[in-house]
Amino acid sequence: MSSEEEDYMSDAFLQQCTDYRPGLAPKHKQKQYEKEKKEKVSNERNKKVPIKQLEIQQRETGLNTSISQNSKGFALLQKMGYKPGTGIGKSGEGRVEPVCFEVKTGRSGLGKDSEMKRKSTEMNSMRAAMQMKRKKINEKQAQSFQNRMRDKFSDRLVEKDLRTAQKACLQLDQQAGLDGPPEPFFWPANSLPVPSSGKQTEDLSEPSNSKQDGGYNSHPFEESDDDCQDDDDDVDDCEEVPYYLEFSTAERTEIVTRYLRNVYRYCIWCGTSFEDEKELASMCPGNSSDLHD
């Protein structure tokens, strides 16, 4: 079968065939079919169209039909110099098409439709503005959440670097023969040496009241400010806060890593010790985790 021939299985091929129904059916079936066919044609012919639909059809037909040249109005326009297809007016710059109009089908007052359109437009614009505002708020919340999670992850990395630096400092200081860290936060808290309490025991064994000093108490732990003596509830306020707690975790990490680089020429991110300062400067990118990415 060539490409130009139609497919015999398609609808187009079937529509070209003549309808021979009811075919070889009995005579009473043929008469019944012919009767139904005539009734169908008669119903289509006598079918009534609704009045509203007729009005719409006739209105569309009238609007799509130009002014007849046999009408009196058209004859008057021609006498005044009007030519079909040109604008009205002396110079022909006026309106070419008739004024459009809208048919009012509802029972509402004049101007109701325009007011409803205006309100609908305002509501749509307001709804679009609210959706845009809501979208910006959601994007801002998502961005703030991402920033919080990024900062939290960065803090965890800094704390991990500090613990690594403290462990390396503890190991290198012990290999160098040091009994304690240069600063308390250079070593892990569980590895700091415990201070001896022998002196405190001797001081506690002495009498608390001594008249040799003029009646003043010479016990070192009982000597305090007047506020601490007057009010026992303020003892916690009189205790000194370690100075290194004023530093942030990142600052303490930088101090410890600089100590390791300057004293032992060791980098926690490279994980190795260098022979001299020249090799450290040439082989190590710097004293930061960002420089080692």
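Keep in mind that this is a model prediction, so the values were computed, not measured.

## Section: helix H5 (residues 112–175)
- Between its first and last C-alpha atoms H5 spans 94 Å; for 64 residues at 1.5 Å apiece the expected length is 94 Å, and the two agree.
- Of all the residues in H5, the buried ones are Asp161, Leu162, Ala165, Gln166, Ala168, Cys169, Leu170, Leu172 and Asp173.
- Looking at the packing, one finds that the buried side of H5 touches helix H9 (249–264) and strand E1 (266–267).
- Two residues or fewer after H5 comes Gly177, characterised by a positive phi angle close to 90°.

## Quick look at the packing of aromatic side chains
- All told, the structure shown has four aromatic pairs when counted by the stated rule.
- Judged by centre distance (6.5 Å) and plane angle (75°), the rings of Phe185 and Phe247 are edge-to-face. Separated by 62 residues along the polypeptide, Phe185 in the loop between H5 and helix H6 (198–205) and Phe247 in the loop between helix H8 (235–238) and H9 bring together distant segments of the chain.
- With a centroid separation of 5.9 Å and an interplanar angle of 85°, the aromatic rings of Tyr259 and Tyr264 are classed as edge-to-face.
- Judged by relative accessible area, Tyr264 falls into the buried class, the value being 17%.
- Of the aromatic side chains, those joined through ring pairs into one cluster are Phe185, Phe186, Phe247, Tyr259 and Tyr264.

## Quick word on the pattern of salt bridges
- Summed over all chains, the structure comprises three salt bridges.
- Between Glu115 and Arg118 there is a salt bridge, with its nearest N and O atoms 2.3 Å apart. Here the residue Glu115 and the residue Arg118 both occupy positions in helix H5, the gap between them amounting to three residues, near one helical turn.
- Here Arg118 falls in the partly exposed class, since its relative accessible area comes to 38%.
- With a closest N to O distance of 2.5 Å, Arg118 and Glu122 form a salt bridge. In this pair, Arg118 and Glu122 are both assigned in helix H5, four residues apart and thus about one turn of the helix distant.
- Classification of Glu122 as partly exposed rests on a relative accessible area of 38%.
- The network of salt bridges with common partners includes Glu115, Arg118 and Glu122.

## Here's the deal with the side chain of Arg261
- Take Arg261: it is sitting in helix H9.
- It turns out Arg261 is buried and unbridged, and the closest side chain with the opposite charge, Glu277, is 7.0 Å from it.
- With residues near it in sequence (within four places) discarded, Arg261 still touches Tyr266, Cys267, Glu277, Leu280, Cys284, Gly286 and Asn287.

## Concerning the nonpolar core
- Counting 16 residues, the largest nonpolar core has Cys169, Phe186, Val256, Leu260 and Tyr266 as its most contacted members.
- With six residues, the single largest contributor to this core is H5.
- Leaving out residues up to four positions away in the same chain, Phe186 has contacts with Gln166, Cys169, Pro181, Ile255, Val256 and Tyr259.

## Some points on the environment of Pro193
- Turning to its location among the elements, Pro193 is positioned in the loop between H5 and H6.
- Sequence spacing of Pro193 and Gly180 is 13 residues, and the spatial spacing of their C-alpha atoms is 6.5 Å.
- Beyond its immediate sequence surroundings of up to four residues, Pro193 is in contact with Asp179, Gly180, Pro181 and Trp187.

## Digging into a nonpolar patch on the surface
- Among the surface-exposed residues, Leu63, Phe101 and Val103 lie close enough to one another that they form a single nonpolar patch of about 280 Å² accessible area.
- Its location among the elements puts Leu63 in helix H3 (residues 51–64).

## Observations regarding the confidence of the model for the protein chain
- Chain-level statistics for the protein chain give a pLDDT mean of 77 and a share of 80% at 70 or above.
- By mean pLDDT, the top-scoring element of the protein chain is E1 (92), and the lowest-scoring one is H6 (42).
- Note on residues 198–229: pLDDT under 50 across the span, and 17 contacts to partners over four residues away in sequence or across chains.

## Describing unusual backbone geometry
- In this structure, Arg265 takes a positive phi of about 50° despite not being glycine.
- For Arg265, the location among the structural elements is in the loop between H9 and E1.

## Let's talk about the state of the cysteines
- Inspection of every chain in the model, using the stated rule, returns zero disulfides.
- Left unpaired, Cys267 is separated from the closest cysteine sulfur, that of Cys284, by 3.6 Å.
- A residue is classified by how much of its surface remains accessible, and Cys267, at 1% relative accessible area, is buried.
- Summary of cysteine pairing: Cys270 is not part of a disulfide, and the nearest cysteine sulfur, belonging to Cys267, is at 3.7 Å.

Cut-off values and rules
- Residues numbered from 1 in each chain as written.
- Predicted model: local features only at pLDDT ≥ 70, side-chain atom pairs only at ≥ 80, totals over all residues.
- Heavy atoms only, no water.
- Helix = DSSP H or I, 4+ residues; strand = E, 2+ residues; numbered from the N terminus.
- Expected span 1.5 Å × (residues − 1).
- Buried < 20%, exposed > 50% of the residue type's maximum accessible area, 1.4 Å probe, protein only.
- Contact = heavy atoms within 4.5 Å.
- Phe/Tyr/Trp six-rings, centres within 6.5 Å; stacked < 30°, edge-to-face > 60°.
- Salt bridge = Lys/Arg side-chain N within 4 Å of Asp/Glu carboxyl O.
- Lys, Arg positive; Asp, Glu negative; His and termini not counted.
- Core = buried A, V, L, I, M, F, W, Y, C linked by side-chain atoms within 4.5 Å.
- Patch = residues over 30% accessible without salt bridge, like charges linked within 9 Å, V, L, I, M, F, W, Y side chains within 5 Å.
- Areas by Shrake-Rupley, 256 points an atom, 1.4 Å probe, with all protein chains shown as cover.
- pLDDT = per-residue confidence, 0-100.
- Disulfide = S-S within 2.5 Å.

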